[in-house]
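Survey of secondary and tertiary structure
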Amino acid sequence: MRLRSRYDGEILRLAVPALGALAAEPSYILVDTAVVGHLGRPQLAALGVSAVVLTTLFAVFNFLQYGTTAQVGRASGAGQEQAARRLGAQALWLCLGIGIVLAAAVAALAPSIVALMGADDEAAKYAVAYMRIVAIGLPSAFVALAAQGYLRGVADLRTPLVVLAAGNAVNAVLNVTFVYGLDWGIEGSAAATAVGQTGMGVAFVVAVLRSAGHDVRPRPALMRRLVRVGRHIFVRTVALMSSFALAGAVITRFGDASIAAHQIAFQLWLFLALALDAIAIAGQVLVGRALGAGDTERAYEASARMIWLAVYAGIAFAGALLLLEPVLPRAFTGDELVLERAGAIWLLFALMQPLNGAVFALDGILIGAGDGPYLAGSMVVAFAACASVLLAALAFDWGIVGAWAAIVVLICVRLALMLRRFSGRRWLVIGWSG
């Protein structure tokens, strides 16, 4: 890889603020994990179950955010600024409606969801309480998804960074205040997250309305367009998060210590994944705008550069994780059995990071190109491979190490299939259709 590229300046201009915003997103659960982890093993196990469910929910509906970014980016690249603004307003309406429905469903079905995940006794009781309180903030959290999709499409990555950083600061302060100051326990942590998400949603609505102008009335045709464009990303994301949800359900059946250790490692995995995804966000924006303007050479060359940058970032993360293995898990728990289980999977967790970098960069590039059908099909194949290993881990009692080996298989299959697609260049489709 060359030391410098003519695309580096633009990639960094987009990726650096995206890095801050993406790293801030999972900080809600990371802060909750650090605070709740010191309340006891049942509370941490409950948070682990709840986090798997809520993370899956957000990720499944991320197709609305990604689809909005790709469509707005193409429209902007083609000079269709009015169409881009209208798409942003419709994304807000669509995500608000979905968020309200899902919030009601989570609150009503929390006991059944927790039982399906395999939690019982004290952990189940805490998980139900946590999920029902957090559900209050779900509509605002979904509005934030829509807003970020639009703002990324118009290459405004600073505003999401500011709003998410402020929301996380509020969440952190309220977590400590509610859990320890007011002695509300895990319910206090959930309340802090709900308040932070609600404030964040309001701030994002204001930001989008300022950018999009006054034409914000609902337009069903444009909402359908966003859903239609995003349906393949929906399938891709369902398959991806089904892998993680199945892993969580399998690990839960190995005991509280295993799911608690998984909660620590998986939330750190997500934190680093979203940090690596900063380059994928740059890929979505650059590729969408370049193909909208009809410049396939720029789209391909910038994409190749982003893949290499993501791999090197992954290598740096892997090195840091290996160095911090003796101390980092202790920031989340003092339980020796949980720490032992976390140590058992740490090497797999660390060595995955360079592979993750390549996979996330390729994913963003193909999303920006609108190559949804291939993304969906390749992800279904990867899910099938991962699920096979997970079921074997459960049947043969391979424990948490076997479950994390299945996640490694998921990443490797995705990488092989997406590299094949990228090299073939069939994803380089130009233009914008209004």
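Everything below is about the structure shown above.
The paragraphs below set out a description of the structure included in this document. This is a predicted model, so every value here is computed, not measured.

Turning our eyes to something else, we now look at helix α12 (residues 296-324). Taking 1.5 Å of rise per residue, the 29 residues of α12 would be expected to cover 42 Å, and the 42 Å separating its terminal C-alpha atoms lies within 8% of that figure. For α12, every residue scored as buried is listed here: A299, Y300, A302, S303, R305, M306, I307, A310, V311, G314, A318 and L321. One side-chain oxygen at the N-terminal end of α12 lies 3.5 Å from the backbone nitrogen of E297; it belongs to D295.

Membership of the largest hydrophobic core comes to 142 residues, with the highest contact counts inside it found for F61, W269, W404 and W427. In this structure, W427 is in contact with V287, L291, A299, Y300, S303, I365, L366, A369, D371, R421 and F422, ignoring residues within four places of it in sequence.

For the rest of this paragraph, the subject is helix α7 (residues 138-153). Helix length check: α7 (16 residues) gives 23 Å between terminal C-alpha atoms against 22 Å at 1.5 Å per residue, within 8%. Counting buried residues in α7 gives 16 out of 16 residues, a clear majority hidden from the surface. Following α7 by one or two positions, A155 has its phi on the positive side, about 65°.

Below, the discussion takes up the pattern of salt bridges. It is possible for side chains bearing opposite charge to pair when their charged atoms get close. Applying the stated criterion across every chain yields a total of seven salt bridges. Of the charged contacts, one joins E10 and R13 as a salt bridge, the two residues approaching to 4.0 Å between their closest N and O atoms. Here R13 and E10 lie together in helix α1 (residues 8-24), a separation of three residues that amounts to about one turn. E10 sits in the partly exposed class, given a relative accessible area of 25%. Taken together, the shared-partner salt bridges connect E10, R13 and R298 into one network.

Residue position: R6 is located in the segment before α1. Residues R6 and R414 lie 408 residues apart in sequence; the distance between their C-alpha atoms is 29 Å. If we ignore the near neighbours within four places in the chain, the residues touching R6 are E297 and E301.

Side chains of D120, D121, E122 and D256 sit close together on the surface and give a patch of like negative charge. Relative to the elements of secondary structure, D121 occurs in helix α6 (residues 121-134).

Turning our eyes to something else, we now look at the packing of helix α14 (residues 353-368) against helix α16 (residues 399-424). Each pair of packed helices can be described by the angle between their axes along with the distance between the axes. Axis separation between α14 and α16 bottoms out at 9 Å; the angle between their running directions is 45°. Relative to α16, the element α14 is oriented oblique. For the crossing formed where α14 meets α16, the hand is left-handed. Within the contact between the two elements, α14 uses L355, N356, A358, V359, F360, L362, D363, I365 and L366 and α16 uses I411, C412, R414, L415, M418, L419, R421 and F422.

The rules behind these values
- Residues numbered from 1 in each chain as written.
- Predicted model: local features only at pLDDT ≥ 70, side-chain atom pairs only at ≥ 80, totals over all residues.
- Heavy atoms only, no water.
- Helix = DSSP H or I, 4+ residues; strand = E, 2+ residues; numbered from the N terminus.
- Expected span 1.5 Å × (residues − 1).
- Buried < 20%, exposed > 50% of the residue type's maximum accessible area, 1.4 Å probe, protein only.
- Polar contact = N/O pair within 3.5 Å; in protein donor to acceptor, adjacent residues only side chain to side chain.
- Core = buried A, V, L, I, M, F, W, Y, C linked by side-chain atoms within 4.5 Å.
- Contact = heavy atoms within 4.5 Å.
- Salt bridge = Lys/Arg side-chain N within 4 Å of Asp/Glu carboxyl O.
- Patch = residues over 30% accessible without salt bridge, like charges linked within 9 Å, V, L, I, M, F, W, Y side chains within 5 Å.
- Areas by Shrake-Rupley, 256 points an atom, 1.4 Å probe, with all protein chains shown as cover.
- Lys, Arg positive; Asp, Glu negative; His and termini not counted.
- Charge placed at Lys NZ, Arg CZ, Asp CG, Glu CD.
- Axes fitted to C-alpha atoms, helices over the stretch in contact; angles between N-to-C directions.
- Parallel < 35°, antiparallel > 145°, perpendicular 65-115°, else oblique.
- Left-handed = near helix turned anticlockwise from the far one by under 90°.

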